[in-house]
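Chain by chain, the residues:
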Amino acid sequence: MAPPSSFDADVKNLYLDHHSWLKRWLMKRLGEAADADDLAQDTFVRILRARRPVNDLQRPLAYLATIANSLLVNRWRRLAVERAYAEALAAQPEQHEISPETRHLLIETLTRLDELLHGLPPRVREIFLLSQLDGLTYRQIAEQLSLSIDQVQRAMLKAFDRCFTCRFE
């Protein structure tokens, strides 16, 4: 077995020094020990995957809190998507049963779309949704929002660039 890399040793030290603090920090926000354990673990997994040096962190607790907070936001966003999905299903006249796998894929897709949309500036998001969901032409969007067609086109380019980037992340 190969000796652990310097990075691995640094992450191990970060874990040993601050894991219990991170768990307590998450517990205050979640109220559930199991959820706090999961997110603390996910925080260190994210650090391992990123492979960014952690040996010279000036504020390791702030670093951990930032990563964990991002995971919390993702978790809450996902729960909101799941609730919205359940409400939309309940509002349908006749529900047909879908498999757990299909439900999981739908929730994952909706969550990724939500992340993508929240990554866009508000005006770009509005233009994108008017185009893609409401089916408005660029001219109609420009008239509705008092913009030039060029402004709408630039916003759509930003939105499509973000979609392309998210597709290959």
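Along every chain, residues carry numbers that run from 1 in the direction the sequence is written. Only residues with pLDDT of at least 70 get local features here, since the model is predicted, and only at 80 or more are side-chain atom pairs given and counted; chain-wide, interface and lining totals rely on the full set of residues. Processing note: side-chain calculations cover all non-hydrogen atoms of the structure and skip hydrogens and water entirely.

S.K.: What should I look at first to understand the confidence of the model for the protein in this one?
M.R.: Atom-level detail of predicted coordinates should not be read off regions where pLDDT is low. pLDDT is defined as a per-residue confidence score from the predictor, taking values between 0 and 100. Averaged over all residues, the pLDDT of the protein is 86; the fraction at 70 or higher stands at 95%. Averaged pLDDT values over the elements of the protein bottom out at 82 in helix α4 (residues 100–118) and peak at 94 in helix α6 (residues 138–145). Secondary structure elements follow DSSP: runs of H or I no shorter than four residues count as helices, runs of E no shorter than two count as strands, and numbering proceeds from the N terminus.

S.K.: Even after reading the chapter, I still don't get the pattern of salt bridges, so can you show me in this structure?
M.R.: A side chain with one charge may pair with a side chain of the opposite charge, provided their charged atoms come close. Salt bridges are defined by distance alone: a side-chain nitrogen of Lys or Arg within 4 Å of a carboxyl oxygen of Asp or Glu. Evaluated as defined, the whole model comprises seven salt bridges. A salt bridge links R75 to D35; its shortest N-O distance comes to 3.0 Å. Of this pair, R75 sits in helix α3 (residues 60–91) while D35 sits in helix α2 (residues 33–50), placing them 40 residues apart in sequence. Across the pair R78 and E108 runs a salt bridge, and its minimum N-O distance is 2.4 Å. Residue R78 is found in helix α3, and its partner E108 is found in helix α4; the two are separated by 30 residues along the sequence. Partly exposed residues are those whose accessible area sits between 20% and 50% of the maximum for their type, while under 20% is buried and over 50% is exposed, using a 1.4 Å probe and protein chains only. Note on R78: relative accessible area 22%, which makes it partly exposed. A residue is classified by how much of its surface remains accessible, and E108, at 32% relative accessible area, is partly exposed. Because the salt bridges share partners, they merge into one network encompassing R78, E82 and E108.

S.K.: Even after reading the chapter, I still don't get the side chain of H18, so can you show me in this structure?
M.R.: Positionally, H18 belongs in helix α1 (residues 6–30). Apart from residues lying up to four places away in sequence, H18 is in contact with P60, L61 and L64. The contact criterion used throughout is that any non-hydrogen atoms of two residues lie within 4.5 Å.

S.K.: What's the story with unusual backbone geometry in this structure? I'm lost.
M.R.: Where the residue is not glycine, phi is negative for most of them; where a peptide bond is considered, it is trans in most cases. Positive phi is not limited to glycine here, since R51 has a value of about 55°. Overall, the relative accessible area of 48% leaves R51 in the partly exposed class. Positive phi values are uncommon outside glycine, yet S146 reaches one of about 55°. Inspection of the secondary structure assignment puts S146 in the loop between α6 and α7 (149–167). For S146, a relative accessible area of 67% corresponds to the exposed category.

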